[in-house]
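# Geometric and topological summary
Residues per chain, in single letters:
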Amino acid sequence: MTMVRPQSVPGEKPLFWVGSAKDELREFPEAVKDDIGTALSVAQFGGKHPKAKPWKGEGPGVLEVVADHRSDTYRTVYTVKFEHAIYVLHAFQKKSPKGRKTAQSDVDLISNVFADLGLRDADEKQTKVRLAVAIQQIIQARRLSQTAAARLLDINQPKISALVNYHLDGFSVERLLHFLNALDRDVEIVIRKKPRSRKMARIVVTEAQMSAM
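A short tour of the structure in this document, coming up. Computed from a predicted model, the values in this text were never measured in an experiment. (Residues numbered from 1 in each chain as written. Predicted model: local features only at pLDDT ≥ 70, side-chain atom pairs only at ≥ 80, totals over all residues. Heavy atoms only, no water.)

Attention now moves to the pattern of salt bridges. Following the criterion strictly, the structure yields seven salt bridges and no others. Between Asp 116 and Lys 22 there is a salt bridge, with its nearest N and O atoms 3.6 Å apart. Here Lys 22 lies in helix α1 (residues 21-26) and Asp 116 lies in helix α3 (residues 113-116), a separation of 94 residues in the sequence. Of the charged contacts in the structure, one is a salt bridge between Asp 34 and Lys 125, with a shortest N-O distance of 2.9 Å. (Salt bridge = Lys/Arg side-chain N within 4 Å of Asp/Glu carboxyl O. Helix = DSSP H or I, 4+ residues; strand = E, 2+ residues; numbered from the N terminus.)

If you want it as structure tokens, here you go:
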């Protein structure tokens, strides 16, 4: 059974959980959920996290994210083969537990992976990822080295390394917005009343259709 909800953030692909993938991932340690959630959110916005590697045996378009935590290794497999959606196929620790099979039916659809994994500050995390993906795309389009990008953004080498690897805890939303200004991007903030049909107000980042150069 597929639960369909409208795509709530412009430019973000919906993410489907297949079989027991969501339940498996929710059992991971908090830090691991944060790392893997960031990688999946990057994929939703059209980027590729540095930790995302091709999944052996499944051909192009199927990727694996590996996160280490306290001597344990956690893996999540997802596919970007489909133009308009991301599918999370499997999540497991080291190897799949015996007797558990991945069902071949969709069980859930989400718009904010951080919220679905029960992580705190989900909207802020999603906003940071959206901004960071835009920054990364501009840096890549301009073919800037990390040294050149760090100089342009007025940050040191460790900071630019953290930014391009989506380690975003050390960056505020405001600072990421200023980075976009430094990369010759205008940022417009529109404040409007939320619709009555939605319980909570939210922050949405929308990128205008323009050249990354």
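A separate point is the packing of helix α4 (residues 122-141) against helix α6 (residues 157-164). The packing of two helices is summarised by the inter-axis angle and the distance between the axes. The geometry of α4 relative to α6 is characterised by a closest axis approach of 9 Å and an angle of 110 degrees between their N-to-C directions. Classified by the interaxial angle, the pair formed by α4 and α6 is roughly perpendicular. Residue-level inspection shows Ala 132, Ile 135, Gln 136 and Ile 139 of α4 in contact with α6, the latter providing Ile 160, Leu 163 and Val 164. Grouping the amino acids of the contact of α4 with α6 by side-chain chemistry returns six nonpolar, one polar and no charged. (Axes fitted to C-alpha atoms, helices over the stretch in contact; angles between N-to-C directions. Parallel < 35°, antiparallel > 145°, perpendicular 65-115°, else oblique. Contact = heavy atoms within 4.5 Å. Nonpolar A, V, L, I, M, F, W, Y, C, P; charged D, E, K, R; others polar.)

In this section: the environment of Asp 35. In this fold, Asp 35 is placed in helix α2 (residues 30-44). As for Asp 35 and His 49, which are separated by 14 residues in sequence, their C-alpha atoms are 10.0 Å apart.

Right, let's get into the packing of α4 against helix α7 (residues 173-182). Their axes nearest at 10 Å, the elements α4 and α7 cross at an angle of 20 degrees. Here α4 lies roughly parallel to α7, going by the angle between them. Handedness of the crossing formed by α4 with α7: left-handed. Touching Glu 124, Thr 127, Lys 128, Leu 131, Ala 134, Ile 135 and Ile 138 of α4 are Val 173, Leu 176, Leu 177, Phe 179 and Leu 180, all from α7. Counted by class, the contact of α4 with α7 contains nine nonpolar, one polar and two charged residues. (Left-handed = near helix turned anticlockwise from the far one by under 90°.)

Further remarks concern the side chain of Asp 34. One can find Asp 34 in helix α2. For Asp 34, the contacting residues outside a window of four places in its chain are Phe 114, Leu 119 and Lys 125.

Let's shift gears to unusual backbone geometry. The backbone of Arg 143 sits at a positive phi, close to 55 degrees, despite the residue not being glycine. Of note, Arg 143 is situated in the loop between α4 and α5 (146-153). In this structure, Asp 154 is a non-glycine residue whose phi angle is positive, near 60 degrees. Structurally, Asp 154 can be placed in the loop between α5 and α6.

Moving on to α6. When we look at burial in α6, the residues that qualify are Ile 160, Ala 162, Leu 163 and Val 164. The distance from a side-chain oxygen at the start of α6 to the backbone nitrogen of Lys 159 is 2.9 Å, and the residue carrying that oxygen is Asn 156. One or two residues past the end of α6 sits Tyr 166, with phi positive at roughly 60 degrees. (Buried < 20%, exposed > 50% of the residue type's maximum accessible area, 1.4 Å probe, protein only. Polar contact = N/O pair within 3.5 Å; in protein donor to acceptor, adjacent residues only side chain to side chain.)

Everything listed here is a matter of geometry and, on its own, says nothing about what the molecule does.
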